[in-house]
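Coordinates in review
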Amino acid sequence: MNERRRGATEKPVADPARITELIASIAAINDTPADQGITRIGFTPSEKRAHKQFSDWLCDIGLTVRSDEVGNTIAEKVGLQSLPAIGTGSHLDSVPGGGRFDGIAGVVAAVHVAELLVRHEIPHRHPLRFVAFVCEEGARFGQACVGSKAAGGHWSYEALQGIRDSNGISIADAIQRSGGCPSDVVRAIWQKSDWAAFLELHVEQGGQLEESGVDIGLVDLISGSTRFELVLEGVASHTGSTPMHLRADALTAAAQVILLAEGIANDGRHRGTRVTVGKVDVHPGSITTIPGRVSLWVDVRDIDSGRQRLIADEIVRQARAVCDARRVALTPRLLSDASPVVLPAWLRDVTTTAADQRGRSYRVMYSGASHDSQMVAAVAPAAMIFVPSRGGLSHVPEEWTSANEIARGVEVLLDSIMALDKLGESGDCSV
Ligand code: GLV
Ligand code: MN
Ligand code: MN
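A closer look at the domain arrangement of the protein
Looking at the protein, the domain boundaries give domain 1 (16-222 + 340-422) and domain 2 (224-338). Measuring from the centre of the C-alpha atoms in domain 1 to the corresponding centre in domain 2 gives 33 Å. Facing 13 residues of domain 1, the contacting portion of domain 2 comprises 14 residues. Carbon and sulfur atoms supply 51% of the area buried between domain 1 and domain 2, which totals about 970 Å² over both sides. Among the residues domain 1 hides against domain 2, the three largest losses belong to Gly142, Pro340 and Tyr366. Together they make up 45% of the total. Elements with a minimum of two residues in the side of domain 1 that touches domain 2: strand E6 (216-222) and helix H11 (372-376). Partitioning the side of domain 1 that touches domain 2 into residue classes produces 7 nonpolar, 6 polar and no charged.

Next comes the structure, spelled out in structure tokens:
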């Protein structure tokens, strides 16, 4: 733990045992049996308990902690000067049956950075903020990054009222029920003048770092996503007495739509596009009834915003042709639309220097997943530090990153924050 590394200067060393303990404490807050992964959905009591745990950790080491209007938890360590803040953090919710690291690694990294700063009595000029965002996963509302969208100023109260989960509960209701104040969502917006930078550590959720044996990924671009529901309505009827040529089977039409969506993503012109139909509802869902209605949830991800929207339109256009030919009605409904975001090069340079000085290998890469930093980037310069994901797996119980790998990321995160804190110290430039 206290080992010195060759080439490293005298710097605080992250503690993998403590990281393991922090991760395990959050993983214990789980709505599914442990062998079925982690389920901690946004705006549920479990997510709230995880935020309470985060808050307790930071209160215990003397930080001031508050909740904003949507339920994001923000802890502050006061700086020596009156300057804009440097922040770090991520999210504590999960997908259903997900893993223990997505989001959590970044929150745990934030807690551990705070612990190291306190333990080593490291002075800093800027206020430092440690953030746990609510409801980052799109699992409940089809909307990613609910909490960080509030920080980034992307929500109105009306928009929060207009988006519902499968039980008809709107985001606004969900925030209210968990103790927030959605009608005041604009008060959760981060003021640009109040933030110098925000850095997020996250698991890669892909296999590039592991495959290449590289310690750290530094993100230059975060993919955008367009998500929509396609409702296909045919005619439900008896499977025995309805001849094949007289059917309007919504599920066979849906099957064709799923394959055409995959085909569009695989088209050579669309390098790097990812299209997924991750959820299908079939009504009435009986083996002896022709499916009369099917809902498909489609997720289009891209690093090119124009192509992302063109492909979403193309899927709907081709789906309509399929449905027309099968006498099935098609109704598309947009769920969310977020553009890819380019992260500032100057801030990535700070993180690459930090990785270099710790003797860590790194590569610059884009993120295929959405992240809170994508939303925060509208109000604060943002950077992301990736650590390897075993087998590239994420959003599944098998998701895994070792405590040593997270510790390396924590050290790069800490050093980046301290380097940012020193920028402009001599008055030559300021953050
Ligand atoms: C967030 O986890 C995403 O779906 O990209
Ligand atoms: Mn995440
Ligand atoms: Mn996720």
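Overview of the pattern of salt bridges
Following the criterion strictly, the structure yields 17 salt bridges and no others. When the shortest N-O distance is used, the salt bridge between Arg18 and Glu115 registers 2.5 Å. In this pair, Arg18 is assigned in helix H1 (residues 16-27) and Glu115 in helix H3 (residues 104-119), connecting sequence segments 97 residues apart. Arg269 is the salt-bridge partner of Asp267, the closest N and O atoms lying 2.7 Å from each other. Linked through salt bridges whose partners overlap, the residues forming this network are Lys11, Arg358, Glu411 and Asp415.

Cut-offs and rules
- Residues numbered from 1 in each chain as written.
- Chains lettered and ligands numbered in written order.
- Predicted model: local features only at pLDDT ≥ 70, side-chain atom pairs only at ≥ 80, totals over all residues.
- Heavy atoms only, no water.
- Domains from an automatic or database assignment.
- Contact = heavy atoms within 4.5 Å.
- Buried area = accessible area lost by both parts, 1.4 Å probe.
- Helix = DSSP H or I, 4+ residues; strand = E, 2+ residues; numbered from the N terminus.
- Nonpolar A, V, L, I, M, F, W, Y, C, P; charged D, E, K, R; others polar.
- Salt bridge = Lys/Arg side-chain N within 4 Å of Asp/Glu carboxyl O.

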